[in-house]
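# Chains, contacts and geometry: an overview
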Amino acid sequence: MSAVMITRKVRKWEKLPGKNTFCCDGRVMMARQKGVFYLTLFLIVGTCALFFAFECPYLAVHLSPTIPVFAVVLFLFVMAMLLRTSFSDPGVLPRALPEEATFIEMEIEAANGNVPAGQRPPPRIRNVQINNQIVKLKYCYTCKIFRPPRASHCSICDNCVDRFDHHCPWVGNCVGKRNYRYFYLFTMSLSLLTIYIFTFDIVHVVMRSVDKGFLNTLKETPGTVLEVLVCFFTLWSVVGLTGFHTYLISLNQTTNEDIKGSWSGKNRVQNPYSHKNFIKNCCEVLCGPTYPSVLDRRGLMQEDSPVSAEPSFSSGSNPVPQTTKTTAPLIPNEHTPDDAKPSIAASAEKNASPKEEKPPAPKAPPLASPEADPEASLAKDKTH
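The rules behind these values
- Residues numbered from 1 in each chain as written.
- Predicted model: local features only at pLDDT ≥ 70, side-chain atom pairs only at ≥ 80, totals over all residues.
- Heavy atoms only, no water.
- Helix = DSSP H or I, 4+ residues; strand = E, 2+ residues; numbered from the N terminus.
- Buried < 20%, exposed > 50% of the residue type's maximum accessible area, 1.4 Å probe, protein only.
- Contact = heavy atoms within 4.5 Å.
- Phe/Tyr/Trp six-rings, centres within 6.5 Å; stacked < 30°, edge-to-face > 60°.
- Pairing = 2+ DSSP bridges.
- Lys, Arg positive; Asp, Glu negative; His and termini not counted.
- Salt bridge = Lys/Arg side-chain N within 4 Å of Asp/Glu carboxyl O.
- Polar contact = N/O pair within 3.5 Å; in protein donor to acceptor, adjacent residues only side chain to side chain.
- Arc of directions from axis to C-beta.
- Core = buried A, V, L, I, M, F, W, Y, C linked by side-chain atoms within 4.5 Å.

### So, the environment of threonine 21
- Among the secondary structure elements, threonine 21 is positioned in strand E2 (residues 20-23).
- Residue classification places threonine 21 among the partly exposed residues on the basis of a relative accessible area of 23%.
- Residues threonine 21 and cysteine 157, 136 residues apart in the sequence, show an inter-C-alpha distance of 9.6 Å.
- If sequence neighbours within four positions are ignored, threonine 21 has contacts with Val28, Met29, Met30, Ala31, Arg32 and Lys34.

### Observations regarding the packing of aromatic side chains
- In total, this model carries 11 aromatic pairs according to the counting rule given.
- The interplanar angle of 55 degrees and the centroid separation of 5.7 Å between the aromatic rings of phenylalanine 37 and tyrosine 38 together place this pair among those described as tilted.
- With 6.1 Å between their ring centres and 90 degrees between their planes, phenylalanine 232 and tryptophan 236 make a pair best called edge-to-face. One end of the pair is phenylalanine 232 and the other is tryptophan 236, both in helix H6 (residues 222-251) and 4 residues apart, which spans about a single turn.
- We classify phenylalanine 232 as partly exposed; its relative accessible area is 38%.

### Examining the sheet that holds strand E4 (residues 125-129)
- Read across the open sheet, the 3 strands follow the order E4-E5-E6; overall the sheet is antiparallel. Either end of the sheet is taken by a strand with one partner, and the two such strands are E4 and strand E6 (145-146).
- Of the pairings in the sheet, the one linking E4 to strand E5 (residues 134-140) comprises 5 bridges and is antiparallel in character. Counted as the bridge partner of arginine 126 is leucine 137 from E5.

### Focus on the side chain of aspartate 89
- Inspection of the secondary structure puts aspartate 89 in the loop between helix H2 (66-86) and helix H3 (98-112).
- This buried residue, aspartate 89, is left without a salt bridge; arginine 178 holds the nearest opposite charge, at 4.0 Å.
- A distance of 3.0 Å separates a polar side-chain atom of aspartate 89 from the backbone nitrogen of glycine 91.
- A polar side-chain atom of aspartate 89 sits 2.6 Å from a polar atom in the side chain of serine 293.

### So, helix H8 (residues 278-287)
- Within the span of H8, buried status applies to Asn281, Cys282 and Val285. End-on, the buried residues of H8 take up no more than an arc of 95 degrees, which puts them together on one face. Across from the buried face of H8, at angles greater than 90 degrees, the exposed residues are Ile279, Lys280 and Cys287.
- Residues of H8 that are buried sit in contact with helix H4 (180-212) and H6.
- One side-chain oxygen of the residue at the start of H8 lies 2.9 Å from the amide nitrogen of isoleucine 279, identifying that residue as asparagine 277.

### Here's the deal with the nonpolar core
- In this structure, Ile44, Phe51, Phe186 and Tyr196 are the most contacted members of the largest nonpolar core, which totals 36 residues.
- Only strand E3 (28-31), helix H1 (35-62), H2, H4, H6 and H8 provide two or more residues apiece to this core.
- Considering every element that reaches this core, the biggest residue donor is H4, with 10 residues.
- With residues near it in sequence (within four places) discarded, phenylalanine 186 still touches Thr40, Ile44, Val78, Met81, Leu82 and Val171.
- Counting 11 residues, the second-largest nonpolar core is a separate cluster that includes Phe22, Ala31, Phe164 and Leu295.

This is how it looks when you write it as structure tokens:
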């Protein structure tokens, strides 16, 4: 049995490092931990389903038919922004190839020189100038690259993400350069939807209570109590998150930079990415160009895979044994093992052709001697 190398074409997303999951042949990219994302879907869809089932029929007749229409539009927009944030590439940076990593290591060693034993090597940092200000580029030991400005390595997804904001378990993905605007639109529209449902839940209870009483209203619409509780507890967190990111967008700053205090630390370094203008910062973050992905997830690459080759026999026939030629000498010598000498001599006799065999030599007649002739020896005994 032998191994045969077979070359086949595979998509690049199948060989990408990191801790991401891919669906739809690489078109959908998410983190591996998606449990909280399913909870987000359940809360949004469940709350809206109860609102459409209990409140919308009554409000459309007694108040305005546009109430359920606007709720449907808002719900569809929230779901679109959520799926767009969760299923997209946040801006993952490809890792260095082995040749590139080796070259970078050689450059670093040449720049740092020989480090004495027992001393830590200097940090791997490069300085670049952005808007007349020095910004440090840190080296990623996992991806073997110098990260671009504002990029950071996500420990959950195990990838470097460009303009890394944070890893959000509620959307099941990182939030970075390519999906930050959709994340912000999701939080803002979800805040509006939560306020909308919570407000009309109260209106519905008040209008029914005037005619049938408060307790009878709760008995007829049991889903209203559940909607009010869910909206009340999620309203503060969602609205607060939207307000926090509105503040960050006005400063052209990320959550990672705000937590680390990159532009408000001891050095009091100013933010080189801010335009010192609220409108310009918002336009750059929310209305800037859409950056393409640098991963090429659906590109093709060749992969060599070993396959065991087994002998195939036709049905109803006996397998044909494979013969092997030996290069052992026909005449045993001192270099031939003892256990191999009989087999070599036997194979030499078996392989010899009839033409090459020599005829047997004629036997010589026996010598005439007294010991050889019995009659002569008998006569000799009589004379004696």
